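Chain and residue survey
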Amino acid sequence: MKNKDFDLEEKDIYKLFNGIKFEESEITDMKEEVSTIQKERIKKNLNKKIKSKRNLKKLKYTPAVAAIGLACLVGIGTISPTFAENIPVLNSIIQALNDDKGEYDKYSQIINSSITDNGITLTINEVIADESKLMIGYTIKSDKKITDLAISGPGSSLQINGEDFYGTGGRTEERIDDYTYVVSEESDISLLKPWKKLDLDLKFNEIAGVKGKWDFAFSVSKEEISRNSTIFTPNKKLDFPDSAVTVDKVVFSPIGTYISLSGKHKEKKSTPHNIFDYDYWLAFDDKGAQLIPNSIGGGGSNGLDFNSQMSYTKVKDIPKYLTIIPCKITPSGGGGVSDDGTPITVETKKSNEISKPIDGVYPIELPQGKLGKLIIKEIKTDNNKTKVTFTAEGKAPYLQATSLYIKDDSGKMIDSKDDNIRRDEQKPNEFTMEFEALDANKKYHIGTNDLDNFELREGLKFKIELN
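Every value quoted in this text rests on a predicted model; they were computed, and no experiment measured them. (Residues numbered from 1 in each chain as written. Predicted model: local features only at pLDDT ≥ 70, side-chain atom pairs only at ≥ 80, totals over all residues. Heavy atoms only, no water.)

Take the pairing of strand 24 (residues 372-382) next. Of the pairings in the sheet, the one linking strand 23 (residues 364-367) to strand 24 comprises four bridges and is antiparallel in character. Each bridged residue has a counterpart across the sheet, and for I364 the counterpart in strand 24 is I376. Joining the antiparallel neighbours strand 23 and strand 24 is a turn of four residues, in which G369 adopts a positive phi near 60 degrees. Alignment of strand 24 against strand 25 (residues 385-394), held across 10 bridges, turns out to be antiparallel. The residue bridging E378 from the neighbouring strand is T389, located in strand 25. (Pairing = 2+ DSSP bridges. Helix = DSSP H or I, 4+ residues; strand = E, 2+ residues; numbered from the N terminus.)

Now the structure itself:
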């Protein structure tokens, strides 16, 4: 099936990812917010080093808190015709797009409500919510070619149960053709009241440069997903070098795993560039397998108090405990100016790239500094894609695996298939990653980086008992 032949409204293809975009101008009482320039540079440079082939969008915060969540990822790409052909039925779309990240096919609620204004039709396809996140998938169709999918809203005009909502989040977009996009938004709702049902009022006022009115009202129930979620309240106290932290809640949901925490800085931060030091938590289950992160370190801070949430994919079985290694990621670049024009500098640290030629001789070992190494077992091109099979040996296998890349001789990065990395469930340190098909007549290098800007604090390692 060709993309041009694909009836998106019939199939409702979209990819759910990280959160809701918020209009910062609507939040007036943030007194210590980092400048937009600084946020964007820090996030862009950090993410470039930790995960290639993904781009970051701005994160917004509640009026009471303002800081930078460093791991909310947003991507843009094209859905392949082969992928479209393999989507079976509507209720399996989210599952197909998110693989084993959650049981979306069981808990998604179909909306399929459309509004057309000034030549643009916006359709809210589906919504899902649990204790910690709200996910909305929608389709945009235009009667003119879309050259820039700039969207105003829904953040500044989102109400939940009659109350204005602000929170951390992000957005991912997929281009179907020149006239059609699908968009997925996710928002952290962990600080909301424990409502069983969310009544949403969602308004858009500009899409792709076209002003209009796209106002929706719909509901999502959390009751079924809550019945199948397990919540622990460990109230575990931690003493970090710069802060006191409390692990408030651990949630195992059919669509994700979450660790919610709160804390206080030992000294007030005047220009915080992250929420708190060591705000990236590697989590391992009771068998030693690393939990796959969705977004880590998001949240907010007013320079003294802070809250944060670590989000991971759904686990197959609830472990008896989690082992946490707090980490600190130093961005490879950053800076900017404050609102009054004062230059802002941040601590930076560059990591070094390590690459080797692809010559058909395996294994290929790629060292990753203190963390460990990647061992490339096979690189095979077939059916218009190149698949790399490899092992990640070291202290943070999944993190290490995500830093793999391929470049051609000119230094151009080869696109991965939607950051298509797969972990062997039986052997959690074994991975495969798919890239665009390599040209047999060209030369390539496969590489990673030494992750030298990623500091593991094993001396701060702790357990969260789950009982």
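For the rest of this paragraph, the subject is the pattern of salt bridges. The tally for this structure, following the rule as stated, stands at 13 salt bridges. The closest approach of N and O atoms between K145 and D178, which form a salt bridge, is 3.7 Å. Taken together, the positions of K145 in the loop between strand 4 (133-142) and strand 5 (151-152) and D178 in the loop between strand 8 (169-177) and strand 9 (180-188) put the pair 33 residues apart, joining distant regions of the chain. The partly exposed category is assigned to D178, whose relative accessible area is 28%. For the salt bridge of K287 with D286, the shortest nitrogen-to-oxygen distance reads 3.8 Å. (Salt bridge = Lys/Arg side-chain N within 4 Å of Asp/Glu carboxyl O. Buried < 20%, exposed > 50% of the residue type's maximum accessible area, 1.4 Å probe, protein only.)

So, on to the environment of L238. Following the sequence through the fold, L238 ends up in strand 13 (residues 236-239). Along the chain, L238 and F462 lie 224 residues apart, while their C-alpha atoms are 8.7 Å from each other. Beyond its immediate stretch of four places on either side in the chain, L238 contacts S243, A244, V245, V247, W281 and F462. (Contact = heavy atoms within 4.5 Å.)

With antiparallel pairing, the three strands of this open sheet are ordered in space as 22-29-26. Bordering the open sheet on either side are strand 22 (353-357) and strand 26 (405-408), each of which pairs with just one other strand. On average, each strand axis in the sheet is inclined to that of its neighbour by 35 degrees, with strand direction left out of account. Across four bridges, strand 26 lies against strand 29 (residues 444-449) in antiparallel orientation. Opposite I406, over in strand 29, you have I446 as the bridge partner. (Axes fitted to C-alpha atoms, helices over the stretch in contact; angles between N-to-C directions.)

This part takes up the packing of aromatic side chains. Taken as a whole, this structure holds nine aromatic pairs when the rule is applied. Members of the aromatic cluster, joined through ring pairs, are F240, F276, W281, F306 and F462. A cation sits over an aromatic face here: K463 above Y321, 4.1 Å from the ring centre. (Phe/Tyr/Trp six-rings, centres within 6.5 Å; stacked < 30°, edge-to-face > 60°. Lys NZ or Arg CZ within 6 Å of the ring centre and 35° of its normal.)

Assignment of secondary structure puts S403 in the loop between helix 7 (397-401) and strand 26. With relative accessibility at 3%, the residue S403 sits in the buried group. Within polar-contact distance, the side chain of S403 engages the backbone oxygen of Q400 at 2.8 Å. (Polar contact = N/O pair within 3.5 Å; in protein donor to acceptor, adjacent residues only side chain to side chain.)

In this chain, Y362 is followed by P363 through a cis amide linkage whose omega measures 5 degrees. With respect to the secondary-structure elements, P363 resides in the loop between strand 22 and strand 23.

What follows concerns the environment of I120. Structurally, the position occupied by I120 is in strand 3 (residues 120-129). C-alpha of I120 to C-alpha of T180: the two residues are 60 residues apart in sequence and 9.7 Å apart in space. Excluding its chain neighbours within four sequence positions, the residues that come into contact with I120 are I115, I140, K141, S142, I207, A208, V210 and W214.

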